[in-house]
Every structure is written in C-alpha cells, then in structure tokens.
Amino acid sequence: MTVKLDGYYIGVDVGTGSARACIIDSRGEILGLASKNITKWEPKQDYFNQSSQEIWENICWCTKKVMADSKVDPSQVKGIGFDATCSLVVLRESDDSPVGVGPDFGDAYQNIILWMDHRAPKQTKEINETGHYCLKYVGGQMSLEMEIPKVKWLKENMPGDLFNQCKFYDLADFLTHKATGSETRSFCSVVCKQGYVPVGVDGSVKGWSEEFLTSIGLPELVEDNFRRIGGVLNENGSYLSAGQRVGNLNEQAASELGLTTGCAVGSGVIDAYSGWIGTVAAKTDADDGRDASMEAVTHRLAAVAGTSTCHLVMSDDPVFVPGVWGPYRDVLIPGKWMAEGGQSTTGQLLHHVITTHHSSGKLSELAAAQGVSKFEILNSRLEEMQKEQSAPSIVYLARHLFFYGDLYGNRSPIANSSMRGDIVGQSMDVSLDALCLEYLAAVEFIGQQTRHIIEALNGSGHKVDQIYLSGGQCRNSLLTKIMATACNMPVIMPKYIDASVVLGTAMLGAKAAVGDAANLWDIMSELSSEGSVVYPNKSEDIDYKLLHAKYEIFLDQAERQQKYRAQVNKALGIQD
C-alpha cells in the first residue's frame, strides 16, 4: 500500500561506543546526522559499564545538532524512534535514580551493564542447567551477553537490600521511558534478551514465567505481577512491536531534545534489529522477479556489522535453529517471527589483527602518511603482492593459511562462549606482508562463518538467498566479495552504509506518527532507497574453488577445537 507521509522524523541510535541521531524527510533522505562518543568503563577484565545519564545527555546533544543543521522547525518533527544495544539499565524504583552495577556499587553514575560484559558465566550456566522450556526460544540456552544472567549476578553481588530497591530495563526501553515517562516495554527487548514468551506461544499466559524466574533464583522479579521488569500485558504492563506508539514526548524530554510534545515516540528496538529495518527493503535488481512484498523479505538476511555482527531473518512461522536465538514473535511486525544469529567479533576481530601484529606500527605510519585507512593500505598491498607473485587472485595468496577467529567465543551456531581462535600455517615472517595475509585470512573467516550461520538457518527451514550488509564493512570491497563468494549469494548494501541503523530507527518514528494507518513494512518500503549489489564469483572461478575447499577446513577447525577441549577437560575431570 502507498503510505501518506509528511513532515520529518528523527532516529536515535545508541551503539557500543557512540550515540547518534539523524533527521529524515518524508522520502527517507537524511538531512542531518550527528554523533557523540559515550564512555565504556572496564573496571575489571570482562566487566563493561556505561552511564544512562551520559547517554541521555549525548542523545540530546545529537538531536539538537541535527535540528540546527537541518534547519527544520521542531513542530514539523512528527515522530522519533530509539534503538540501543541490548544492555541492562538499573534504576531505583522509588525515584528513577541510577543504581551502581558494580563492582563498585557506590558509583551510581555507572548504572548500565553493557551487552558485551562477560561477568556472569556462572549465573548463565546455572540458568541453562534448568532446561526450562522458554530457553528453546533463545536457541536452546541463554547467552551470558543477555540480561537475565546479569540480573542474577547483581542479586548475588549487590550489598544489603539494594537489589530489592531496583527495577530493570533494556537500554532501548529505558530511552522510551525517559522520553515519555511510560513503563511500556518493547517486545524486541523482552522477547529477544530476557526470556519473555509472548502470550499464546507455547501455552504462555503472562509472557513472563514465574516458574522459570523462581527456578533460577530470581523470585523477586515475579512479585506484583512482574512489576519490576514490565508487568503483565493488559494488566499492569504494556508491550509493543517495533514503532508502535508509546506516547508523545513529555515536556522535560521535549525541552532537552529540542523538540515538541507533539512528537510521537515509537516503541524501540535492539540496535541490530533497526539495521534490519533500515536495509532489507532496499530496492535492487537481485530479486529475480520477486516483488518487494513481505514474502520476499523472508529470503533476505540482514547482516548488521560493527564491533560484532548480528544476522537477522524474518519468517511467517516459527523456525527453531540450534545455536541461533529465537524464534521471536512480534518483535518487529505483529505475528511475524525473527531469528537472530551472530558473530561475537567481526569489526573488533579485524581491529585486533591489525593492531597486535608485529608490523602494526608500520601499517599505522603508512596510513597516516598517505591519509587513508589502514584497510586501504592492506587491500592495496595485497593487490601489489598478487602482481608480484603472478598469483591468479588475492585469495590465492592465503591458500595455505587457515584462520579460525572466535577469539571472544562463538555466538552462532555453535553457541559456546568458550570457543577461541587458532591459526594453521604461520611462519616466522613478521613483515607487513605477513600482516596482510593474516588480515586476509581474518576476512575469509568472517565470510566462512557467515556461511556457517546461513547453512544452520536454511538447514532448519529458513530460505535465505540474499545478504543485506550494513556498516563500515560495506566499504571493504575485498570483504564483500569474499563474503558473497563464500556464501554463494549476492551481498546487497544500502544507500546509507554507515547510517542504515539510525535510518531504520527514524522509520520507527514515522511508524509512531502514522499509527495504524500503515504497517512497518509499508513504512520501510516507502523510505528505503536503491541499494548496490556484489555478486559471487562463478563456480569455475579459482576464488570460489578455494573458499569452498577452505570452508570444509573451517568446519574441521571448529570441530577439532571442541574435541581437544573435551579431551583435556575429561583428563582433568572438569567442564568449561
């Protein structure tokens, strides 16, 4: 259907390292974009904290900046949406003041446990050992990156009666609470990361499970119909799908954001899900006759790349995939299901490789001298090496180097946070050329693991045949070509490579503004632009042959690591 849109919409994106805002017009054109870094504290190894106060202040700076840059009248901004990392925000119930999350509980400024925090392996293990039915909707087990293990850690470590004074939010839900004063939660947050099973799914009556929360040692969350985590739908709580209207900006938030109380606020989402919203409706010629309908979108995998990469696909019916989170109902479009795979490190993996190598200093010097990125230096040098060695392709240069890159554990489809990396084929060469090859092998790993995730999805019933990639990795032509060829499917990139997430969030603002007059897919279709396509190499090409041969080696490396760990653990009488 054709959507009638007028006015302007703002999207707010809170990532791991920065807060951003954009303003778009009724055609989806970005008129202003602003970003401000946010602090990430690491008080102990694997502990990562942030501040909700700092994040809100930086959001307000960004929204005022885009309003000033675009010169749009605030009264013409009809809607605003929020996305954020799936991080845990802790407030005092009595007055909404921040509560410290430790290890220094006296520091209330640090009141967020960041998504990538790994302080709760013990609590995660204990939760998963219950084998509760709701775990099957998060890939069979909770990840220590999710929020319930973090809440359990807080209960077991907070001093005195502090835990009993707290209420808990996903960061995106905190932002809509701050903007409106409403306690409404998003299905995206609670279903994807907190063990909420929507009413009617698998016999769920209240969404939250009293049996589950009690069995894992969190009976406090059950009190008063789950009051401290959002309540019960249509009793003492409200839950909405992406972009459904939470309310309007309250007076304080409107003043701080530089907007008006006439601005509607859409239900928020986890940042990766906003990447799905901002990419998968991009228009291309890669659909082979499929029209831009809801059926077409079930073939499209959104790979939302940054520090880590999330892989999202929609389906009409629930599809259970071992090691993949979900299926999640209602989180984006009511009645539709989402599955979420992921790689714990992709951008961070490449950063690690190029900053820890013996020749990282030389790489930095060359990049600074030439005024280009380190990746441009590496890709350029690989092209030179290909010519110097008369190699048939760049991929051929690393034909005998086998890199397995789960340095921070495996999110999908192995779902084992104890997984680590290994390299087979290293020599004593520590030159810049050796760094180039290791970087190339790490890029290969990202492509091969993407294939591993897609094969797990399709093997269980999904039908992915296109990858919609977003983030800075889209600029890396070597990476996109390797990913397309390794997976043997086209990689589509949106018009706004670096802003697809925040653009998707602005679409939530548009959805909130129009209400029930249009569904989210109609909004996405109206506001999405043309995308570009990278096609895979053909099967007779040497890169195709190499990457598909090395995929079998990639799988073997993953299997052998698990076998070796099990052998050692058996000998020691321990478990991971």
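Figured I'd write up the structure that's included with this text. These numbers were taken from a predicted model, which means no experiment stands behind them.

## Quick notes on the overall build of the protein chain
Link 1 in the chain: If you tally the helices and strands in the protein chain, you get 18 helices and 22 strands.
Link 2 in the chain: Expected size for 576 residues packed as a compact globule is a radius of gyration near 25 Å; at 23 Å, the protein chain falls within 12% of this value.
Link 3 in the chain: Principal-axis analysis of the C-alpha atoms gives the protein chain an extent of 70 × 60 × 45 Å.
Link 4 in the chain: Partitioning the intrachain contacts of the protein chain with sequence separation of at least 6 by distance along the chain shows that 70% fall at a separation of at least 24.
Link 5 in the chain: Here the protein chain carries 51 positive and 70 negative side-chain charges, and the mean point of each set is 1 Å from the other.

## Focus on the pattern of salt bridges
A pair can form between side chains of opposite charge whenever their charged atoms are brought close.
Link 1 in the chain: A complete count under the given rule lists 27 salt bridges for this structure.
Link 2 in the chain: E388 is the salt-bridge partner of R381, the closest N and O atoms lying 2.9 Å from each other.
Link 3 in the chain: In this structure R381 comes out as buried when scored by relative accessible area, which is 16%.
Link 4 in the chain: With relative accessibility at 54%, the residue E388 sits in the exposed group.
Link 5 in the chain: We note a salt bridge from D498 to R475, for which the minimum N-O separation is 2.4 Å. A residue pair is termed long-range when its members are at least 10 positions apart, and D498 in the loop between β21 (491-493) and α16 (500-514) and R475 in the loop between β20 (466-470) and α15 (477-487) qualify at 23 residues.
Link 6 in the chain: By relative accessible area, which is 35% here, D498 ends up partly exposed.

## Comments concerning the nonpolar core
Link 1 in the chain: Of all hydrophobic cores here, the largest spans 98 residues; its most connected members are L154, F168, Y273, W276, V331 and L332.
Link 2 in the chain: Looking at this core element by element, the count peaks at eight residues for α16.
Link 3 in the chain: Those residues in contact with L332 that sit more than four places away from it in its chain are S241, A242, V269, Y273, W276, I277, M314, M338 and L520.
Link 4 in the chain: Counting residues in hydrophobic clusters, the runner-up holds 62 residues, among them A305, A367, I467 and C487.

## Describing the sheet that holds strand β6 (residues 88-92)
Neighbouring strands of a sheet are bound in pairs by backbone hydrogen bonds; such pairs are parallel or else antiparallel.
Link 1 in the chain: Read from one edge to the other, the open sheet built from four strands follows the order β4-β7-β6-β8, with strand pairing classed as antiparallel. Looking at which strands have only one partner, the edges of the open sheet turn out to be β4 (49-50) and β8 (166-170).
Link 2 in the chain: As judged from the two bridges shared by β6 and strand β7 (residues 112-113), these two strands associate in the antiparallel manner. Bridge pairing links L88 to I113 in β7.
Link 3 in the chain: Set on the sheet, helix α3 (residues 147-157) makes contact with β6, β7 and β8; between it and β6 the angle comes to about 45 degrees.

## Things to note about the side chain of S143
Link 1 in the chain: In this structure, S143 sits in the loop between α2 (121-128) and α3.
Link 2 in the chain: A distance of 3.0 Å separates the side chain of S143 from the backbone nitrogen of E145, its partner in a polar contact.
Link 3 in the chain: For S143, the contacting residues outside a window of four places in its chain are T124, P149 and W325.

## Observations concerning the side chain of E444
Link 1 in the chain: Here E444 is to be found in helix α14 (residues 432-459).
Link 2 in the chain: Beyond its immediate stretch of four places on either side in the chain, E444 contacts V395, A398, I482, L547 and K550.

## Quick look at the environment of W153
Link 1 in the chain: By the element assignment, W153 lies in helix α3.
Link 2 in the chain: Judged by its relative accessible area of 6%, W153 is buried.
Link 3 in the chain: Residues W153 and Q123, 30 residues apart in the sequence, show an inter-C-alpha distance of 6.4 Å.
Link 4 in the chain: When residues no more than four places from it in sequence are discounted, the contact partners of W153 are Y47, V101, F105, R119, A120 and Q123.

## Some details on the packing of aromatic side chains
Link 1 in the chain: Applying the stated criterion to the full structure yields 17 aromatic pairs.
Link 2 in the chain: Connected via pairs of aromatic rings, a cluster forms that spans F403, Y404, F445, Y551 and F554.
Link 3 in the chain: Looking at K36, its charged tip hangs above the ring of W61, at a distance of 4.9 Å from the centre.

## With respect to unusual backbone geometry
Link 1 in the chain: Between G102 and the following residue, P103, the backbone shows a cis peptide bond with an omega angle of 5 degrees.
Link 2 in the chain: Relative to the helices and strands, P103 is located in the loop between β6 and β7.
Link 3 in the chain: In this model, S412 is joined to P413 through a cis peptide bond whose omega is -5 degrees.
Link 4 in the chain: Tracing the backbone shows P413 in the loop between β18 (402-404) and β19 (422-424).
Link 5 in the chain: One non-glycine residue, D224, adopts positive backbone phi at about 50 degrees.
Link 6 in the chain: Mapped onto the fold, D224 is located in helix α7 (residues 223-226).
Link 7 in the chain: One non-glycine residue, S390, adopts positive backbone phi at about 50 degrees.

## Details of helix α17 (residues 520-527)
Link 1 in the chain: Within α17, six of the eight residues are buried, leaving the element largely enclosed by the surrounding structure.
Link 2 in the chain: Within α17 the residues assigned to the buried category are L520, W521, D522, I523, M524 and L527.
Link 3 in the chain: Contacts made by the buried residues of α17 are with β2 (18-24), α9 (271-279), α10 (294-297), β14 (300-305) and α16.
Link 4 in the chain: With a side-chain oxygen lying 3.0 Å from the backbone nitrogen of W521, the N-terminal cap of α17 falls on N519.

## Observations concerning the packing of α16 against α17
Link 1 in the chain: Taken N-terminus to C-terminus, the directions of α16 and α17 make an angle of 125 degrees; their axes are 10 Å apart at the nearest point. In terms of axis orientation, α16 runs oblique to α17. For the pair α16 and α17, the crossing hand works out as right-handed. For the pair α16 and α17, the contacting residues are M507, L508, A510, K511 and V514 in the first and L520, I523, M524 and L527 in the second.

Quick notes on the rules
Residues numbered from 1 in each chain as written. Predicted model: local features only at pLDDT ≥ 70, side-chain atom pairs only at ≥ 80, totals over all residues. Heavy atoms only, no water. Helix = DSSP H or I, 4+ residues; strand = E, 2+ residues; numbered from the N terminus. Rg over C-alpha atoms; globule rule 2.2 N^0.38 Å. Contact = heavy atoms within 4.5 Å. Lys, Arg positive; Asp, Glu negative; His and termini not counted. Charge placed at Lys NZ, Arg CZ, Asp CG, Glu CD. Salt bridge = Lys/Arg side-chain N within 4 Å of Asp/Glu carboxyl O. Buried < 20%, exposed > 50% of the residue type's maximum accessible area, 1.4 Å probe, protein only. Core = buried A, V, L, I, M, F, W, Y, C linked by side-chain atoms within 4.5 Å. Pairing = 2+ DSSP bridges. Axes fitted to C-alpha atoms, helices over the stretch in contact; angles between N-to-C directions. Polar contact = N/O pair within 3.5 Å; in protein donor to acceptor, adjacent residues only side chain to side chain. Phe/Tyr/Trp six-rings, centres within 6.5 Å; stacked < 30°, edge-to-face > 60°. Lys NZ or Arg CZ within 6 Å of the ring centre and 35° of its normal. Parallel < 35°, antiparallel > 145°, perpendicular 65-115°, else oblique. Left-handed = near helix turned anticlockwise from the far one by under 90°.

Honestly, it's all geometry; don't read function into it.
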